[in-house]
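Summary of structural features
Chain by chain, the residues:
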Amino acid sequence: MNKPLLAALSSLALAGLGATPAVAAPHTTEKPAVTVNFAGTVALSNCSGSVIRFPNSADSDPALVLTNGHCLETGFPDPGQVITGQSSSRSFGLLNASGSRVATLRANQVVYSTMTDTDVTIYRLTTTYAQIKSAYGISPLTVNDTHPTAGTAIKVVSGYWKRTYSCNVDGFVYRLKEGDWTWKDSLRYTSACNTIGGTSGSPVIDTTTGKVVAVNNTGNEDGETCTVNNPCEVDENGNVTIHQGINYAEETYQIPACFTTGNKLNLGAAGCTLPKP
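The following paragraphs examine the structure supplied in this document.

The rules behind these values
Residues numbered from 1 in each chain as written. Predicted model: local features only at pLDDT ≥ 70, side-chain atom pairs only at ≥ 80, totals over all residues. Heavy atoms only, no water. Helix = DSSP H or I, 4+ residues; strand = E, 2+ residues; numbered from the N terminus. Buried < 20%, exposed > 50% of the residue type's maximum accessible area, 1.4 Å probe, protein only. Polar contact = N/O pair within 3.5 Å; in protein donor to acceptor, adjacent residues only side chain to side chain. Contact = heavy atoms within 4.5 Å. Core = buried A, V, L, I, M, F, W, Y, C linked by side-chain atoms within 4.5 Å. Salt bridge = Lys/Arg side-chain N within 4 Å of Asp/Glu carboxyl O. Disulfide = S-S within 2.5 Å.

Attention now goes to the side chain of Glu233. Along the polypeptide, Glu233 turns up in strand S14 (residues 232-234). Accessibility expressed as a relative area gives 7% for Glu233, which makes it buried. Side chain to side chain, Glu233 and Tyr248 meet in a polar contact 2.7 Å long. Discounting chain neighbours no more than four positions away, the residues touching Glu233 are Val173, Arg175, Leu176, Arg188, Asn239, Val240, Thr241, His243 and Tyr248.

Spelled out as structure tokens, the structure:
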């Protein structure tokens, strides 16, 4: 996993992304790229993250922050562990478009956290989207609810480092194994996304839609096989491959189906496939 920059946590390794899309040829139906900047991203004490909303979220809902499961302040969730409703007072530095810190936001709950099948933590804030917009002029990033596509131009935006990585979606991994953890259907970046420790939890943004399609989480640093900081790819037949220097993210399209009115978590909702406690 991308290393959280906190001495109290063991180091996992992770990575980044980004690539500037090619200019569309005349008479194409492709949409131009949107402007991707730091607005709505956040800096954690040891990781990166973003203020997110879902397609059906309301402005009056309590805002949510997305980062990695391995960025959780109480330590890495164990394999098979799912945390919901855990009290939290974690703070986040909210960034504007240029990457300047304009506010400190605070959580009151870990809504959901796991490192099983995926690598995500979602915090609930003490403020609503409308309050953040009114006070700071910043809107949340929207999580796309459809599976990303290979070849898509993306940017990994790190609030911790105030740095953006540009590349493309290289493809998808049936199983990505790192140490004791296994993630399903992970997103592999092309080589231009050479993310570093502290980029863990960064939103992966589709540069055409401006929506979040994944959360940055790991990369193979040393060429080892299936060890911490050296994830390996496992296909449907159990064949193992490694790609030293290549980084990965966990898809987020499956998350919106697990949240209902008021941004409330409902793991029993129709279509919700996130791991349950």
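Still more to cover.
Take unusual backbone geometry next. At Lys162, a residue that is not glycine, the phi angle is positive and equals roughly 55°. Inspection of the secondary structure assignment puts Lys162 in the loop between strand S9 (153-158) and strand S10 (163-178). Not every positive phi belongs to a glycine, and Asn229 is a case in point at roughly 75°. The topology assignment puts Asn229 in the loop between strand S13 (212-219) and S14.

Judged by nonpolar contacts, the single largest core of 45 residues is most densely connected at Val51, Leu64, Phe92, Leu94, Leu125 and Phe259. Counting residues per element, the ones that place at least two in this core are strand S2 (48-53), strand S3 (62-67), strand S4 (82-87), strand S5 (91-95), strand S6 (101-114), strand S7 (120-128), helix H1 (129-136) and S13. Per element, the largest residue contribution to this core is six residues, and it comes from S6. Each residue touching Leu125, except ones within four places of it in the same chain, is listed here: Pro62, Ala63, Val65, Phe92, Leu105, Arg106, Ala107, Asn108 and Ile132. Membership of the second largest hydrophobic core comes to twelve residues, among which are Cys167, Val169, Tyr189 and Ala214.

Taken as a whole and assessed by the stated rule, the structure comprises five salt bridges. Arg90 is paired through a salt bridge with Glu73; the nearest N and O atoms lie 3.7 Å apart. With Arg90 in the loop between S4 and S5 and Glu73 in the loop between S3 and S4, this residue pair connects regions lying 17 residues apart in the sequence. The residue Asp117 makes a salt bridge to Lys184 at a minimum N-O spacing of 3.7 Å. Pair noted here: Asp117 is in the loop between S6 and S7 and Lys184 is in strand S11 (residues 181-189), with a separation of 67 residues, a long-range link. The class of Lys184 is partly exposed, set by a relative accessible area of 39%. Each of Asp170, Arg188 and Glu233 takes part in one network of salt bridges that share partners.

Scanning the entire structure with this criterion turns up four disulfides. One disulfide bridge connects Cys47 with Cys71, the sulfur atoms lying 2.1 Å from each other. Taking the torsion about the sulfur-sulfur bond, which here is approximately -85°, the covalent link between Cys47 and Cys71 counts as left-handed. Residue Cys47 is found in the loop between strand S1 (41-43) and S2, and its partner Cys71 is found in the loop between S3 and S4; the two are separated by 24 residues along the sequence. Between the sulfur of Cys258 and that of Cys272 lies a disulfide, 2.0 Å long from S to S. Torsion about the S-S bond of the Cys258 and Cys272 cystine: about 100°, corresponding to right-handed handedness. With Cys258 in the loop between strand S16 (247-251) and strand S17 (259-260) and Cys272 in the segment after strand S18 (264-265), this residue pair connects regions lying 14 residues apart in the sequence. A relative accessible area of 0% means that Cys258 is categorised as buried.

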